[in-house]
Amino acid sequence: MPTLIHLADKKDAKHILRSGIKIGKYEHGVFFMPQTPDFFVSHQWLRELRCRGARTYVGIHFKLPDKEEVWFGKYGTQHQKAPLGQAIGAFMQLDDKLGYEFLIERKIEPAEILKAVSLPQTVGWRYSPDSHTKTALCVCPMCISRGDIKGRIKREKIEPPVAVPPFAELIERLKAAKDEDEIATLFSYISRKRRKTDPHELLFLLEDNNGTSLQYLASALPVFKHAHTCQMLARLCTHSDPHVREYSAESLLEVSTDKGLAFLLSLPEDAVITTVIESYSK
């Protein structure tokens, strides 16, 4: 009779040795794997089962007759029913044994159980059998989920991080920049982290009166944790370009809700500002 392995919570081990392996409340039978020369294959479900919450699993070894009818197959696919000996023989002929499972539609009696064995808790795969070899296609949440193991490393492998130049260098490059794409890139660098720098160093953009640049400026100013930030945004809220006024009003409310709202309400009637206030109030 082949030796079979059922993975169980260590807390239940004594009860199982005394009373047997019962069918779970929401399951159709008892799951197990045959003991094979490949330890990883025999215990491949351990890490995935740990995702259910149990901290430590043990291997419950038991034996069944070769002629016992069982179900076997890869999870998520149609399983086959066959005598245990025949099912294990077919399983051992497979090139890829990961993801397969065996199930018997009855309780395992205490007399059929051999022992409970301690196991390393890092054996097996997680999420899917090929998760350790599958390469993410992009950095979106579908390919690399939040909290994914080594998620940051995976993201940086696909999209290597770009070193942000010093703020002084960004200012000099902005003064010389004429291309809109370059200006957008420089402001994206500025917006990547909170700053205690005085934003008045960006006042030269007001002299150019470039509406697009001022929109980027208004969007980036909230990262500056400085007393002059609100002053600059208040000045931009009165700009002739409606898009600049809109971006500035939104940023002002983000930086200082109460003071920003009071200032916007004090301005002459302006449809753009009114729309921002109404959107904020909702």
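Anything mentioned here points back to the structure above.
Here's a quick rundown of the structure. Source: prediction; values computed, not measured.

Remarks on the side chain of Thr229
Considering the arrangement of structural elements, one finds Thr229 in helix α10 (residues 228–236). Thr229 sits in the buried class, given a relative accessible area of 0%. Only 2.8 Å separates the side chain of Thr229 from the backbone oxygen of Phe224, close enough to count as a polar contact. Contacts of Thr229, omitting those with residues within four sequence positions, involve Pro199, Leu221, Phe224 and Val255.

Observations concerning the sheet that holds strand β5 (residues 80–83)
The pairing of strands in a sheet comes from backbone hydrogen bonds and takes either a parallel or an antiparallel form. Across the sheet, which stays open at both edges, the seven strands sit in the order β5-β4-β6-β2-β1-β3-β7 with antiparallel pairing between neighbours. Single-partner strands in this sheet number two, and they are β5 and β7 (113–118). Across the sheet, the axes of successive neighbouring strands diverge by a mean angle of 35°, strand direction being ignored. With four bridges joining them, strand β4 (residues 69–74) and strand β6 (residues 100–104) adopt antiparallel strand pairing. Directly across from Trp71, in β6, lies its bridge partner Leu103. Against the sheet, helix α4 (residues 84–92) engages β1 (3–9), β2 (30–34), β4, β5 and β6, with an angle of about 115° to β5.

Section: the nonpolar core
In terms of nonpolar packing, the biggest core is built from 36 residues, with Leu7, Ile21, Phe32, Phe62, Phe102 and Ile108 touching the most fellow members. Sorting the residues of this core by element identifies β1, α1 (13–19), β2, α3 (46–50), β3 (57–63), β4, α4 and β6 as the ones contributing at least two each. The contacts of Phe102, once residues within four sequence positions are left out, are Val30, Phe31, Phe32, Met33, Pro34, Val70, Trp71, Phe72, Ala87, Ile88 and Phe91. Leu205, Leu217, Leu252 and Ile273 belong to the second-largest nonpolar core, a separate cluster that totals 34 residues.

Topic: the packing of aromatic side chains
Within this structure, the stated rule accounts for 10 aromatic pairs. Note on Phe32 and Phe62: the rings are 5.8 Å apart at their centroids and 80° apart in plane angle, and the pair reads as edge-to-face. Of the two residues, Phe32 is situated in strand β2 and Phe62 in strand β3; the sequence distance between them amounts to 30 residues. On the numbers, 5.6 Å between centres and 35° between planes, the contact of Phe32 with Phe102 is tilted. With Phe32 in strand β2 and Phe102 in strand β6, the pair connects residues that are 70 residues apart, well separated along the chain. The burial state of Phe32 is the same as that of Phe102; both residues are buried. Taken together, the ring pairs in this structure connect Phe32, Phe62, Phe72, Phe91, Tyr100 and Phe102 into an aromatic cluster.

Calculation notes
Residues numbered from 1 in each chain as written. Predicted model: local features only at pLDDT ≥ 70, side-chain atom pairs only at ≥ 80, totals over all residues. Heavy atoms only, no water. Helix = DSSP H or I, 4+ residues; strand = E, 2+ residues; numbered from the N terminus. Buried < 20%, exposed > 50% of the residue type's maximum accessible area, 1.4 Å probe, protein only. Polar contact = N/O pair within 3.5 Å; in protein donor to acceptor, adjacent residues only side chain to side chain. Contact = heavy atoms within 4.5 Å. Pairing = 2+ DSSP bridges. Axes fitted to C-alpha atoms, helices over the stretch in contact; angles between N-to-C directions. Core = buried A, V, L, I, M, F, W, Y, C linked by side-chain atoms within 4.5 Å. Phe/Tyr/Trp six-rings, centres within 6.5 Å; stacked < 30°, edge-to-face > 60°.

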